[in-house]
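Spelled out, the chains give:
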Amino acid sequence: MQSSSLFDVKDKVVLVTGGGRGIGLMIAHGFVVNGAKVYISSRSAKVCDQVAEELNKLGQGQCISIPADLQSLDEVKRLVAEISKRESKLHVLINNAGANWGEAIATYPDQAFEKVMNLNLKRVFSLTQAMIPLLEAAATAATPSSIINIGSIDGIRVPPQETYAYSASKAALHQMTRVLAGHLGARHITCNAIAPGPFESKMMAETLRKMGDQIIAGLPLGRIGQPEDIAATSIYLASRAGAYTTGAIIPVDGGSLVRAKA
């Protein structure tokens, strides 16, 4: 195989949930500029439609907006039905939509756990489960279909913030990724997770505003993640280059997990 084709995702059909902003938008942009046909979904129809319009101006791949509130199982089913009307196969499913909640343990509400665990874990499984037929239709032994779950370094370490449900959901998502990989490999579907560190996103904006200098000082690579960093890792996992990688949890964090402490 020519090296130029190892990372080729041209004409692949991709779904990115939470694709209207933050890390999801970074990933969607990366696939579109590399010639993929990308469906994005987010809760806000206005944002989703606007992002698709902007990405389509790039003149590379294609971006289609299908807004959906993935907290709801009915909305998950509707999203799958909408894509199934348009496509007979799906090459890449990127489960990025997520929620966070930070609050002191004394007042941490029950509904926070329900909201965060539902979207970050349960609905990831629901959507993946429903997308298996489309993923299987695109899969071969040489070019498997790819599920990419967006986890977090907070699912690996103990975070400084009191984000009890978020950290628990991401740790569980990492383990579910391994379980899915173990069972779906025979169907020629890989399943991996990316565990991002600090990136410029809406979820991280307030933390970076308050602690940005401190966070950067603690990163061996000395900078916040850029869109290309997360997009490139996703493209690797979705392309021929990553066809023999499954069940992996890949930190993309500037080295925060391996920081040497004095």
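Below or above, wherever it landed, is the structure these notes cover. As the structure is a computational prediction, the values presented were derived from the model and not from experiment. (Residues numbered from 1 in each chain as written. Predicted model: local features only at pLDDT ≥ 70, side-chain atom pairs only at ≥ 80, totals over all residues. Heavy atoms only, no water.)

**Some points on the packing of helix α4 (residues 110-138) against helix α5 (residues 164-184)**
So, point 1. Direction vectors running N to C along α4 and α5 enclose 15°, while the axes themselves pass 8 Å from each other. Comparing their axes, α5 and α4 come out roughly parallel. Two packed elements cross with a definite hand, and for α4 against α5 that hand is right-handed. Facing α4, whose interface residues are A112, F113, V116, M117, N120, L121, V124, F125, T128 and I132, α5 presents Y164, A165, Y166, A168, S169, K170, A172, L173, M176, L180 and L184.
So, point 2. A class-by-class count of the residues in the contact of α4 with α5 yields 17 nonpolar, three polar and one charged. (Axes fitted to C-alpha atoms, helices over the stretch in contact; angles between N-to-C directions. Helix = DSSP H or I, 4+ residues; strand = E, 2+ residues; numbered from the N terminus. Parallel < 35°, antiparallel > 145°, perpendicular 65-115°, else oblique. Left-handed = near helix turned anticlockwise from the far one by under 90°. Contact = heavy atoms within 4.5 Å. Nonpolar A, V, L, I, M, F, W, Y, C, P; charged D, E, K, R; others polar.)

**A look at the pairing of strand β3 (residues 62-65)**
So, point 1. The pairing of strand β2 (residues 37-41) with β3 spans four bridges and is parallel. By the bridge assignment for β3, V38 is matched with C63. (Pairing = 2+ DSSP bridges.)

**Examining the side chain of S41**
So, point 1. Position of S41 relative to the elements: it lies in strand β2.
So, point 2. The class for S41 is buried, based on a relative accessible area of 1%.
So, point 3. Those residues in contact with S41 that sit more than four places away from it in its chain are V16, T17, G18, G19, C48, I66, P67, A68 and L79. (Buried < 20%, exposed > 50% of the residue type's maximum accessible area, 1.4 Å probe, protein only.)

**Here we look at the sheet that holds strand β5 (residues 145-150)**
So, point 1. As summarised here, the arrangement of the seven strands in space is β3-β2-β1-β4-β5-β6-β7, forming an open sheet in which the pairing is parallel. What marks the edges here is a single partner per strand, and that holds for β3 and β7 (249-252). The sheet shows a mean angle of 20° between the axes of neighbouring strands, taken without regard to direction.
So, point 2. The strands touched by helix α2 (residues 45-56) within the sheet are β2 and β3, with β3 carrying the most contacts at an inclination of about 170°.

**Concerning a nonpolar patch on the surface**
So, point 1. A cluster of nonpolar side chains, namely I105, F113 and Y164, defines an oily patch on the protein surface of about 280 Å² accessible area.
So, point 2. Along the chain, Y164 turns up in helix α5. (Patch = residues over 30% accessible without salt bridge, like charges linked within 9 Å, V, L, I, M, F, W, Y side chains within 5 Å. Areas by Shrake-Rupley, 256 points an atom, 1.4 Å probe, with all protein chains shown as cover. Salt bridge = Lys/Arg side-chain N within 4 Å of Asp/Glu carboxyl O.)

**Quick word on helix α1 (residues 22-33)**
So, point 1. The end-to-end C-alpha separation of α1 is 17 Å, in line with the 16 Å expected for 12 residues at 1.5 Å each.
So, point 2. Counting buried positions along α1 gives nine out of 12 residues, so the element sits mostly inside the fold.
So, point 3. Residues of α1 that are buried: G22, I23, G24, M26, I27, A28, G30, F31 and V32. (Expected span 1.5 Å × (residues − 1).)

Everything listed here is a matter of coordinates, which is why it stays silent on function.
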